[in-house]
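Given next are the chains, with one letter for each unit.
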Amino acid sequence: LRASDRWILEIFSETEHVAYYALLYQIGFAPTILIGSIVLNYLMPIIFTNSRGEKDNYIENIKLLFNYCAVVIVAIMLALDIMGESIVLLVSNDSFIGISSYIKWFFLAGSLYVFSQLLELELMSKLERHKVFYTRSITALIGITLNIFLGWSMGLKGVILALVITSFFYLAIVSRAIHSL
């Protein structure tokens, strides 16, 4: 998913933007992935047990979970919007306050990534390795392409936008692969 973001910023933008991106990633994306992985490890046995190996039950359980998660994600994004400056000051200094409004977008991208990983487990459980390879390869190509074009034209904002868009594409591609089972 993050195949070229920092390289593109180094090439098309300022070195300062690479530092901004790294801080935003550490505040918004990485914790989401870590917490999301813990939650996934807790929920997966429950979802698989409730599904009893039936694809339709699994998909219905995932849809229900997605609806609950969507509400939580929106609430957290609102909280991050309100508390972004305080969070930046907690982990950095006031020279980074100008980027605090971007934290929520990293959180959204991380949340979509975690949810895509949750869906991808269904492909792995069915030993559909070629579909997992396909979803990840296509997503990486989309991410690199978006990073190049958006990073070149918009700098830091473009690379952040590319991360969010790529995360949406990852979710869509994995969803499509699941429905083709």
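Reference entry: report on the structure contained in this document. Sequence order as written defines the numbering, with residues in each chain counted from 1. For a predicted model such as this one, the threshold for reporting local features is a pLDDT of at least 70, and the threshold for listing and counting side-chain atom pairs is 80 or more; totals across whole chains, interfaces and linings nevertheless cover every residue. Side-chain numbers here rest on the full set of heavy atoms in the structure, without hydrogens or water.

What follows covers the overall build of the protein chain. Scanning the protein chain from N- to C-terminus turns up 6 helices and 0 strands. Atoms counted for the radius of gyration: C-alpha only. Globule rule: 2.2 Å times the number of residues to the power 0.38. Against the 2.2 N^0.38 benchmark of 16 Å for 181 residues, the protein chain shows a C-alpha radius of gyration of 17 Å, consistent with a compact globule. For the protein chain, buried positions account for 44% of its 181 residues. Note on areas: these come from Shrake-Rupley sampling with a 1.4 Å probe, and a residue is covered only by the protein chains present in the view. For the protein chain, the exposed area adds up to about 9,900 Å²; of that, 67% sits on carbon and sulfur atoms. Note on conventions: DSSP H or I runs of at least 4 residues are helices, E runs of at least 2 residues are strands, and numbering of each starts at the N terminus. Residue burial is assigned from relative accessible area. The probe radius is 1.4 Å, only protein chains are included, and a residue is buried under 20% of its type maximum, exposed over 50%, and partly exposed in between.

Take the pattern of salt bridges next. Note on definitions: salt bridges are taken to be side-chain nitrogens of Lys or Arg within 4 Å of carboxyl oxygens of Asp or Glu. Scanning all chains against the criterion turns up 2 salt bridges. D81 serves as the salt-bridge partner of K104, at 2.6 Å between the closest nitrogen and oxygen. Taken together, the positions of K104 in helix α4 (residues 103-125) and D81 in helix α3 (residues 55-91) put the pair 23 residues apart, joining distant regions of the chain. Judged by its relative accessible area of 42%, D81 falls in the partly exposed class.

All right, on to the side chain of S167 then. In this fold, S167 is placed in helix α6 (residues 156-179). Looking at S167, the relative accessible area reads 0%, which means it is buried. Nitrogen and oxygen atoms within 3.5 Å of one another constitute a polar contact, given that in protein one can donate a hydrogen and the other can accept it, and given that sequence-neighbouring residues count only through two side-chain atoms. Polar contacts involving the side chain of S167 include one to the main-chain carbonyl oxygen of A109, which spans 3.3 Å.

We now examine the packing of aromatic side chains. Only rings of Phe, Tyr and Trp enter the pairing, Trp through its six-membered ring, and a pair is recorded when the two centres are within 6.5 Å. The plane angle decides the type: under 30 degrees is stacked, over 60 is edge-to-face, the rest tilted. Summed over the entire model, instances satisfying the criterion amount to 6 aromatic pairs. Taking the centre distance of 5.2 Å and the plane angle of 65 degrees together, the rings of Y21 and F106 count as edge-to-face. Note that Y21 is positioned in helix α2 (residues 15-51) and F106 in helix α4, a separation of 85 residues in sequence. Of the two residues, Y21 and F106, neither departs from the other in class, the shared state being buried. Relative to Y113, the ring of F29 lies with its centre 6.1 Å away and its plane at 50 degrees, an arrangement referred to as tilted. Remark: Y113 occurs in helix α4 and F29 occurs in helix α2; sequence separation between them is 84 residues. Residue classification places Y113 among the partly exposed positions, given a relative accessible area of 22%. Aromatic rings pair up to connect Y25, F29, Y113 and Y170 into one cluster. Just above the ring of Y25 sits the side chain of R6; from NZ or CZ to the centre is 5.8 Å. Note on geometry: a ring has a charge over it if NZ (lysine) or CZ (arginine) is within 6 Å of the ring centre and within 35 degrees of the ring normal.

With that settled, consider the packing of α4 against helix α5 (residues 129-154). Axes here refer to lines fitted to C-alpha atoms; in helices the fit is confined to the stretch in contact. Angles between the N-to-C directions go from 0 to 180 degrees. Running from amino to carboxyl end, α4 crosses α5 at an angle of 150 degrees, the nearest separation of the two axes being 8 Å. Taken as axis vectors, α4 and α5 run roughly antiparallel relative to one another. The interaxial crossing formed by α4 with α5 has right-handed handedness. Here Q117, E120, L123 and M124 of α4 come into contact with α5, specifically with K131, V132, T135 and R136. Here the contact of α4 with α5 is built from residues that sort into 3 nonpolar, 2 polar and 3 charged. An angle below 35 degrees is read as roughly parallel, one above 145 as roughly antiparallel, one from 65 to 115 as roughly perpendicular, and any other as oblique. The sense of a crossing depends on the near helix, which, turned anticlockwise from the far helix by less than a right angle, makes the crossing left-handed and, turned clockwise, makes it right-handed. Residue contacts are counted whenever heavy atoms from the two residues lie within 4.5 Å of one another. Classification convention: Asp, Glu, Lys, Arg as charged; Ala, Val, Leu, Ile, Met, Phe, Trp, Tyr, Cys, Pro as nonpolar; all other residues, Gly among them, as polar.

Contact pair helix α1 (residues 5-12) / α5: the axes reach a minimum separation of 9 Å and the direction vectors enclose 35 degrees. In terms of crossing hand, the pair formed by α1 and α5 is right-handed. In this structure, α1 uses D5, I8 and F12 to contact α5, whose residues at the interface are N147, I148, G151 and W152. Here the contact of α1 with α5 is composed, by residue class, of 4 nonpolar, 2 polar and 1 charged.

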